[in-house]
Protein chains: 2
Amino acid sequence: MNNMKNIMLTLEYDGTNYSGWQIQENANSIQAEIQKAIYTLTKKEVTLIGAGRTDAKVHALGQVANFFIETSIPGESFKYALNEYLPEDIKAVYSNEVPKDFHARFSAIKKRYRYKIYLSDVERPLLRNYAYQIDRNLDINKMKEASKYLIGTHNFTSFEGRRSFTKSKIRTLHSIEIHKRDEFIDIVVEGESFLRNMVRIITGTLVEVGTGKKNPSEIKLILEAQDRRLSGHTAPPQGLYLEKVFYDIFK
Amino acid sequence: MNNMKNIMLTLEYDGTNYSGWQIQENANSIQAEIQKAIYTLTKKEVTLIGAGRTDAKVHALGQVANFFIETSIPGESFKYALNEYLPEDIKAVYSNEVPKDFHARFSAIKKRYRYKIYLSDVERPLLRNYAYQIDRNLDINKMKEASKYLIGTHNFTSFEGRRSFTKSKIRTLHSIEIHKRDEFIDIVVEGESFLRNMVRIITGTLVEVGTGKKNPSEIKLILEAQDRRLSGHTAPPQGLYLEKVFYDIFK
């Protein structure tokens, strides 16, 4: 165990052809692909710990994962070796050896997600797997007003998807930024951690505020009611990107 | 023939899964997909005239095509009807009825292509089908200097790909703009018309200037030599976009 290293990877992936991050039977997961590539490279079976579980078709620009391995490959070179064996839609963009107590999920202090929307009355082929098409204009100012009610520490039951087994529904959101540039709207959400589908339900609800279906001030009541039926639709997965995971040790 | 209309389409497509614009035997072409969708919609066989032939894996943000058809569908609504039958990676973003003498290719007065490069020492999964990865820095100022030699009317034999049957090699380039933003470099080329692979060979040559393999002033000699062996490599297809086709009637 002399040479045992804790290797951290920062990963970019195109989630289009995957069932999500987490290993599942009879499904094509990103975690399984990476563990397979590590095995092909090193002949060692490892368990990869991911910072966040991304759903099917959700992308990552900066997913973080770690694993323990006895290897002579230097941490910072690991990405080059591993990328030789990874499929073209999953690559390590950064790798390094980190302290033994680093844990991709538990050590994370903040995550940033980006949700991409485009406004168009027709589908755009080049964006079909990478953004959410809305066929009418959105009132950005109302969306910004609505988003303010979500900042801070709340019970987010109304913004949690089904099939969730999380006990505490209390989460802390640090910021929601909404940027419009030409026909594109980006919603950038930062928080300590997130419930299942939370960013997609927040997005769906903000879109309904943007179209006028909901009033900004309703968001407060929706939060308080702790009832998923009152919030908006779950925005589709292809617009969502896990952009960055923050750690204390890299501050 | 009372109701015969000349319909113009502006098309966006993701070229990743196609052998290119033009119909070929035993290949999956964009032209064939659109003609098939028009047939499914109208039960009429048409011949689509495209403004430019894009190669396999090349994309379009604004390819233009036209065809004649007897139909009661209004020109501006044609896109919605047609999009119901087109695959998700090819869509009409605009349609209209145009004068009978409009010809997508012969009426075009100018075309704009965009070539997208990203600088990274590792492959980026989300860009793999949409840009050209260069793993070292490029000297943008030298590339700009080199591009100036290409502007104007020249014999572009040195910048023409193989398997071309075009007689005249004289072409007029109006402008080459090179923009850098973060790790992205866009090369935007406007000209009256282009030889086969011309934008990709111009890009490959400018990249070789950017890395220092070629000097900017060599471009003049390469043009004069009329010899394909002297110019740079053909940049890969996935970075190229047919962005816009210009016509007098829409000025």
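Bear in mind the structure is a predicted one, so any value in this text is a computation, not a measurement.

## With respect to the overall build of chain A
Helix and strand counts for chain A stand at 5 helices and 10 strands. Computed over C-alpha atoms, the radius of gyration of chain A comes to 19 Å, within 12% of the 18 Å expected from 2.2 N^0.38 for 251 residues, which places it in the range of a compact globule. Structurally, chain A occupies a C-alpha span of about 60 × 40 × 35 Å along its principal axes. Within chain A, counting contacts between residues at least 6 apart in sequence, those at least 24 apart form 70% of the total.

## Considerations on the domain arrangement of chain A
Residues and elements named next belong to chain A. Taken domain by domain, chain A holds domain 1 (4-106) and domain 2 (110-246). A C-alpha centroid distance of 27 Å is found between domain 1 and domain 2. Residues belonging to the side of domain 1 that touches domain 2 are distributed by class as follows: 6 nonpolar, 6 polar and 2 charged.

## Brief notes about the interface of chain A and chain B
Listed by partner, the interface residues are 18 residues for chain A and 17 residues for chain B. Listed by contribution, the elements that provide at least two residues to the side of chain A that touches chain B are strand E1 (4-13), helix H2 (78-83) and strand E4 (90-98) of chain A. Considering each element in turn, the side of chain A that touches chain B owes the most residues, 4 residues, to E4(A). Looking at side-chain class alone, the side of chain A that touches chain B contains 7 nonpolar, 2 polar and 9 charged residues.

## Comments concerning the relation of the copies chain A and chain B
Of the two same-sequence chains, chain A is brought onto chain B (RMSD 0.0 Å, axial shift 0.0 Å) by a rotation of 180°. Taken together, these values place the two copies in the relation of a two-fold axis. The fraction of interface residues of chain A whose copies in chain B are also interface residues reaches 94%, indicating that both copies meet through the same surface.

Definitions and limits used
- What you see as residue numbers is a count from 1 along each chain, following the sequence as written.
- The naming scheme follows written order: chains are lettered A onward, ligands numbered 1 onward.
- At least 70 in pLDDT is required for a residue's local features to be given in this predicted model, at least 80 for side-chain atom pairs to be given and counted, and no such filter applies to totals for whole chains, interfaces and linings, which use all residues.
- Think of it this way: any DSSP run of H or I at least four residues long counts as a helix, any run of E at least two long counts as a strand, and we number them from the N terminus.
- Each radius of gyration is computed over the set of C-alpha atoms, and the globule rule expresses the reference value as 2.2 Å times the number of residues to the power 0.38.
- Our contact criterion uses C-beta atoms placed from the backbone: two residues qualify when those atoms are within 7 Å.
- All domain edges in this entry derive from an automatic or database-based domain assignment.
- By the convention adopted, Pro, Cys, Tyr, Trp, Phe, Met, Ile, Leu, Val and Ala count as nonpolar, Lys, Arg, Asp and Glu as charged, and the other residues, Gly among them, as polar.
- To line up the copies, we fit them by least squares on C-alpha atoms, keeping just the residues with pLDDT of at least 70 in both.

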